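Structural overview
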Amino acid sequence: MLADLLDAGDVSSVELTQAHLDRIAAVDGEVHAFLQVDGDGALAQAGDSDERRRAGNAQSRLDGVPIAVKDVLATRGLPTTCGSRILEGWVPPYDATVVARLRAAGLPILGKTNMDEFAMGSSTEHSAYGPTHNPWDLDRIPGGSGGGSAAAVAAFEAPLAIGTDTGGSIRQPGAVTGTVGVKPTYGGVSRYGLVALANSLDQAGPVTRTVLDAALLHELIGGHDPLDSTSIDQPLPGLVAAAEQGVTGDLSGVTIGVVTELGGPGSAEGYQAGVLERFQESVDLMVDAGAKVVEVSCPSFVHALAAYYLILPAEASSNLAKFDAMRYGLRVLPEGVESPSAEEVMRATRDAGFGDEVKRRIILGTYALSSGYYDAYYGQAQKVRTLITRDFEQAFSQADVLVSPTAPTTAFKLGEKLDDPLAMYLNDLATIPANLAGVPGISVPSGLAEEDGLPTGVQILAPALADDRVYRVGAALEAMLVHQWGGAILDKAPALPTEGGSR
């Protein structure tokens, strides 16, 4: 672990940060994980960290370990574009609470990572600045919307990253890039300064290479924030302690629930055979570690995708109304109009500044909220959301955690699903229910699919505020899999084209 090397004085934060900046320079032309890189700022922060460590005043266990941040979180002095032309060049005058906590803990910020525009997508192909490529196969997607953060970690451009998860945008990229991704309990990590897509669904969380790293990062960024009205006013459970307990590989006394509707027995339609094989192997390993396995049914989950794609666009259409060309961001004047009205400027700016997927969801959300349709669509979707929450409650009365494949398939080819939005949306089939109910989840690499040799992931879900459970079970599974593989899953990734560089 890099923090241990810093503790021992074997490496300095400046050296560590420079090594990652060099790696970004060598491979990011191919991967395109970053939208902005702040080399000077990161090195200055690293120098401050080295001074603190020399004085014995490290701010945290991760003080001096560099990190990348998804470009949906406000960063003082660094552009925050949300992957959209409409915010191109916008530099916030303040930090999101997550970013402020990273700075206070001493983590140098390498830069901002690429994402689907306003976090709308499952492949990072909807970024206005071009797609990110999967380090395992540069012709494939790295997941979305936070594919930039996952790809940066998988390509060893950053040891840690922050993502956000609205319907699976941390966990699904984790599954297809061989990284660990965590969606905390809704309200467990502050949303202040996170540019909202859907207020009732968005949640920031860690993207790392190990479960323990995720726990360390989660403890730094989590906890109550008075600036966020949705923040939970109670302490986090012991996440690092739970991960360290899990590393022992003992799951005695833990009951694992396999969700029938999420790739469980008899419900495998749409799931790739190799994904299901690795998932079953993971379940078998958990049994070997002492866990009891039961099958649980959550019948309302089959309606989660439909409910989500009414609730999310409805909230997005409201949130994105603030991008009106009047206060900040892009402003486009309509052609051939001498003295355009405010409405004409808004129309021209939004037409030029928003991409097709954002426009699609704004139109859908506005329609669902319109007079005469609110009760028929949005109201019904909220009722389904309540049923999904009840299904979780019933399932957790039978099991401590629930498990499923994280994503139904491995990474697909770039461009393969761009013209079929519904096929793209189906990639979030297994992850969406957790966001609708606000429960925490983790994606842990479960191996490589036989068909294509690409990473797969297993998802572990726990009741709200029981985030420690996903860390204990995730760390135990990870330890057993790494032992079985003879090393970390990313050690099996093919080399990227570098100019004399290496992993």
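This text follows the structure it describes.
Residues numbered from 1 in each chain as written. Predicted model: local features only at pLDDT ≥ 70, side-chain atom pairs only at ≥ 80, totals over all residues. Heavy atoms only, no water.

Turning our eyes to something else, we now look at a nonpolar patch on the surface. Taken together, Tyr94, Tyr192 and Leu227 make up a surface patch of nonpolar side chains, about 280 Å² in accessible area. As for its placement among the helices and strands, Leu227 is situated in the loop between helix 7 (211-221) and helix 8 (239-246). Among the residues examined, Leu227 registers a relative accessible area of 54% and is labelled exposed. (Patch = residues over 30% accessible without salt bridge, like charges linked within 9 Å, V, L, I, M, F, W, Y side chains within 5 Å. Areas by Shrake-Rupley, 256 points an atom, 1.4 Å probe, with all protein chains shown as cover. Salt bridge = Lys/Arg side-chain N within 4 Å of Asp/Glu carboxyl O. Helix = DSSP H or I, 4+ residues; strand = E, 2+ residues; numbered from the N terminus. Buried < 20%, exposed > 50% of the residue type's maximum accessible area, 1.4 Å probe, protein only.)

Attention now goes to the packing of aromatic side chains. In this description, an aromatic ring pair is defined by two values, namely the gap between the centres and the angle between the planes. Taken as a whole and assessed by the stated rule, the structure comprises 13 aromatic pairs. What links up through ring pairs into an aromatic cluster is the set Trp90, Phe118, Phe323, Tyr328 and Phe354. The ring of Phe412 is capped by Lys417, whose NZ or CZ atom sits 4.6 Å from the centre of that ring. (Phe/Tyr/Trp six-rings, centres within 6.5 Å; stacked < 30°, edge-to-face > 60°. Lys NZ or Arg CZ within 6 Å of the ring centre and 35° of its normal.)

Attention now moves to the pattern of salt bridges. In the structure shown here, the tally under the stated rule is 16 salt bridges. In this structure, Arg52 engages Asp63 in a salt bridge whose closest nitrogen and oxygen atoms are separated by 2.8 Å. Placement of the pair is Arg52 in helix 3 (residues 39-54) and Asp63 in the loop between helix 3 and strand 2 (67-70), with a sequence separation of 11 residues. Residue Arg52 is classed as partly exposed on the basis of its relative accessible area of 22%. Between Asp71 and Lys112 there is a salt bridge; the shortest N-O distance is 2.9 Å. Remark: Lys112 occurs in strand 3 (residues 109-113) and Asp71 occurs in the loop between strand 2 and helix 4 (97-104); sequence separation between them is 41 residues. Salt bridges sharing partners connect three or more residues here, namely Glu277, Arg278, Glu281 and Glu450.

None of this, on its own, says anything about what the molecule does.
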